[in-house]
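Observations on chain architecture
Residues per chain, in single letters:
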Amino acid sequence: MHVLIVGGGGREHAIAWALSKSSKVDHLSCAPGNGGIAALAQCVDIPATDVDAMVAWACENSVDFVVVAPDDPLALGMVDALEAAGIPAFGPRADAAIIEASKSFSKRLMEKYHIPTAKYQTFTELEPALTYIEAQGAPIVVKADGLALGKGVIVAQTVAEAQDAVRSMMSGHKFGDAGARVVIEECMTGPELTVLAFCDGEHLVPMPSSQDHKRAFDGNQGPNTGGMGAISPSPNYTPEVAKRCMEEIFLPTVAALRAEGRPFHGVIYFGLMLTPDGPKVVEYNARFGDPECQAVLSLLDSDLMDIFLACRNGTLDQVDVRWKDGASCCLVLASGGYPGSYAKGYPITGLEEAGQSAVVFHAGTRLGENGSVLTSGGRVLGVTATGPELNAAIDGAYAAASHIHFQDMFFRSDIGRVWNPNA
Ligand code: AMP
Ligand code: GLY
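Computed from a predicted structure; not experimentally measured.

**So, the overall build of the protein**
Counting its regular elements, the protein contains 13 helices and 23 strands. Computed over C-alpha atoms, the radius of gyration of the protein comes to 21 Å, within 12% of the 22 Å expected from 2.2 N^0.38 for 423 residues, which places it in the range of a compact globule. Over its C-alpha atoms, taken along the principal directions, the protein stretches across nearly 60 × 45 × 45 Å. When burial is assessed residue by residue, the protein has 57% of its 423 residues classed as buried. Counted over contacts in the protein with a minimum sequence separation of 6, partners at least 24 positions apart contribute 68%. Carbon and sulfur atoms form 50% of the exposed surface of the protein, whose accessible area is close to 16,500 Å². Computed over 30 positive and 49 negative side-chain charges, the inter-centroid distance for the protein is 4 Å.

**Here's the deal with the sheet that holds strand β16 (residues 265-275)**
As summarised here, the arrangement of the 4 strands in space is β11-β10-β16-β17, forming an open sheet in which the pairing is antiparallel. At either end of the open sheet lies a strand with only one pairing partner, and these are β11 (204-206) and β17 (278-285). Sheet twist, expressed as the mean angle between neighbouring strand axes with direction ignored, is 35°. Sheet topology places strand β10 (residues 192-200) next to β16; 9 bridges connect them, and they run antiparallel. What sits directly across from cysteine 199, in β16, is glycine 266. Taken strand by strand, helix α11 (residues 304-313) contacts β10 and β16, and its axis lies near 70° from that of β10.

**A look at the packing of aromatic side chains**
Considering all chains together, one arrives at 10 aromatic pairs under this definition. Put simply, the rings of Phe90, Phe198, Phe288 and Phe308 touch in pairs and so form one group of aromatic residues. Positioned over the ring face of tryptophan 17 is lysine 21, at 3.6 Å from the centre of the ring.

**Some details on the pattern of salt bridges**
Scanning all chains against the criterion turns up 17 salt bridges. Between glutamate 100 and arginine 287 there is a salt bridge whose closest N-O contact spans 3.0 Å. Taken together, the positions of glutamate 100 in helix α5 (residues 94-101) and arginine 287 in the loop between β17 and α10 (292-297) put the pair 187 residues apart, joining distant regions of the chain. Comparing glutamate 100 with arginine 287 shows no difference in burial state: the two are buried. Between lysine 214 and glutamate 283 there is a salt bridge, with its nearest N and O atoms 3.8 Å apart. Of this pair, lysine 214 sits in the loop between β12 (211-212) and β13 (215-217) while glutamate 283 sits in strand β17; the two residues are 69 residues apart in sequence, bridging distant segments of the chain. If you follow the salt bridges from partner to partner, you end up with Glu83, Arg93 and Arg312 in one network.

**Describing the packing of helix α7 (residues 126-136) against helix α8 (residues 159-170)**
At a minimum axis separation of 9 Å, α7 and α8 run at an interaxial angle of 165°. Relative to α8, α7 is oriented roughly antiparallel. When the axes of α7 and α8 are compared, the crossing they make is right-handed. Seen from α7, the contacting residues are Leu126, Ala129, Leu130, Ile133 and Glu134; seen from α8, they are Val159, Ala162, Gln163, Val166, Arg167 and Met170.

**Things to note about the nonpolar core**
Core analysis: the largest hydrophobic core is formed by 48 residues, its most contacted members being Val66, Leu82, Ile99, Phe250, Ile268, Phe270 and Leu272. Of all the elements, helix α9 (residues 239-259) adds the most residues to this core, at 7 residues. Filtering out sequence-adjacent residues up to four positions away, isoleucine 268 remains in contact with Ile99, Val195, Leu196, Ala197, Cys199, Thr253, Val254, Leu257, Tyr284 and Asn285. Counting 38 residues, the second largest nonpolar core, distinct from the first, contains Ile5, Val67, Leu316 and Phe361.

**Brief notes about the packing of α5 against helix α6 (residues 103-112)**
Orientation of α5 relative to α6, taken along the N-to-C sense of each, is 95°, at an axis distance of 6 Å. It follows from the interaxial angle that α5 and α6 lie roughly perpendicular. Two secondary-structure elements touch here, α5 through Ile98, Ile99 and Ala101 and α6 through Lys103, Phe105, Ser106 and Leu109.

Quick notes on the rules
Residues numbered from 1 in each chain as written. Chains lettered and ligands numbered in written order. Predicted model: local features only at pLDDT ≥ 70, side-chain atom pairs only at ≥ 80, totals over all residues. Heavy atoms only, no water. Helix = DSSP H or I, 4+ residues; strand = E, 2+ residues; numbered from the N terminus. Rg over C-alpha atoms; globule rule 2.2 N^0.38 Å. Buried < 20%, exposed > 50% of the residue type's maximum accessible area, 1.4 Å probe, protein only. Contact = heavy atoms within 4.5 Å. Areas by Shrake-Rupley, 256 points an atom, 1.4 Å probe, with all protein chains shown as cover. Lys, Arg positive; Asp, Glu negative; His and termini not counted. Charge placed at Lys NZ, Arg CZ, Asp CG, Glu CD. Pairing = 2+ DSSP bridges. Axes fitted to C-alpha atoms, helices over the stretch in contact; angles between N-to-C directions. Phe/Tyr/Trp six-rings, centres within 6.5 Å; stacked < 30°, edge-to-face > 60°. Lys NZ or Arg CZ within 6 Å of the ring centre and 35° of its normal. Salt bridge = Lys/Arg side-chain N within 4 Å of Asp/Glu carboxyl O. Parallel < 35°, antiparallel > 145°, perpendicular 65-115°, else oblique. Left-handed = near helix turned anticlockwise from the far one by under 90°. Core = buried A, V, L, I, M, F, W, Y, C linked by side-chain atoms within 4.5 Å.

Rendered as C-alpha cells:
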C-alpha cells in the first residue's frame, strides 16, 4: 500500500517509524514531513492544512490510505474530503473531530451523557461571564472555545485574573474567533495523565497511559509548551483507576458520539485528572498527543497499519493490539528561547551515537548540505528509550541524549521524575 501521513512533527515521525515496520506498507509519503521522516518516507512540500492540495496530491499519486495526524486538518474536514474523493483515511471526520475543536461542544456532550468532568458554563457575552466568575470565586479556569494552539486555557488564581482573561479573549479577540465563546469551569485538583485510545466508531482499545510535561523548565516552572517530554505508562494509572476510566469515561464517550450520529474513527486523547472524587475529563483531543505518541508507540508490539485499517473499517474488535512489557520515555530537546522566539538552522551532531541505544524522533529539523541535519523548529528532537521499568527508560533517554548537541539546545532534566508534571 502507498500510505500518506499528514503532518511534520515528532508524532508524525513516530507514526512513520511504526508504519515502516508493517509488511502491508511498501511506499510511505509524508506532507510536509521533516529531516528525520525523510529517511523513511518521501516528503512532499504541502502544508498540513491545505486540504485541497493534499487531496489532489493523494489522487494523482495513487495513495491507498491517508493518516491525518494534526488537529487543524481534522477540524477542517480533511478526512471528509479524502473520503469524498474515494480515499480511506485514519482520523475522525470533522463532525467528530469537534470534540477537540469546540470545548463547549465537548462539555455539552459530557453533561448530556453523564461523563465526569469539571462543572462549567459557556458564555458568548462579557457581562454575564464576569458576574459568573464573581459568584463562583477563584481559583477558576477560563477556556477559549476553539483551537488556540494549546494556549487558550487560563487557570486563574484570583477573580481579577479570571475576569481579565475573559476580557482579553472576548473583547480583545486574543484568539480570533476561538475566543468569541468562552467556557468557564471549576478548578479541579489531582494528578493529570493521558490515555490515548484507538476507536472504530463503535469499539475502543486504550493504549498504555502516558504523562506529558507541559512546562518549559524543571520543577514545572516557566511557560506552557507543546510538551517537553512524556513517559508511558503513568505510575498514577493503577488497575483500579483504569477500570473506572473505562466504565465511566472511555466507553460512555464512544457510545455518546455514536448516539449523536458522529461515530469517532481514529484516536481519542483523554486528558484526565485524578480528582478526590475520581477520574474526570480535563479535555478531549481528536488525535495522538505529541510527545505522548512517541512514548506510547515505542511500546506497540502489533502492526500499526492493521490497527489503522480496523479503525476505519469498524473491525477493531478483531485485531490483537499487543504492547511490550516495560516503560518508555521521550525526552524533548528544544531550541533555546522556545516556546518564545528562537533561532533556526544550527547543525545537529551526535544523532548516530544517540540512535544506537534510543530512537531519535525528529520534530523541528530539516536536511542541509551533504547529509547534515539542521534545527528548524522549537521542539527539535524527541529522544525515546524503552526499558524494563520506568527508571531504566528515563535513564536510557538521558544517556542517549547526552551524545546530541546543537547551539542553544535545552531540555528538562526531570522528565518522569516529578509527581504531577502538568501542575
Ligand atoms: P487543556 O488545554 O484543556 O488541556 O488545559 C491545559 C491545562 O490546564 C491542563 O493540562 C490542566 O493542567 C489545566 N486545566 C484545564 N482545565 C482545568 C480544570 N478544570 N481544573 C484544573 N486545571 C485545569
Ligand atoms: N502533548 C499535548 C498534546 O498533544 O495536546
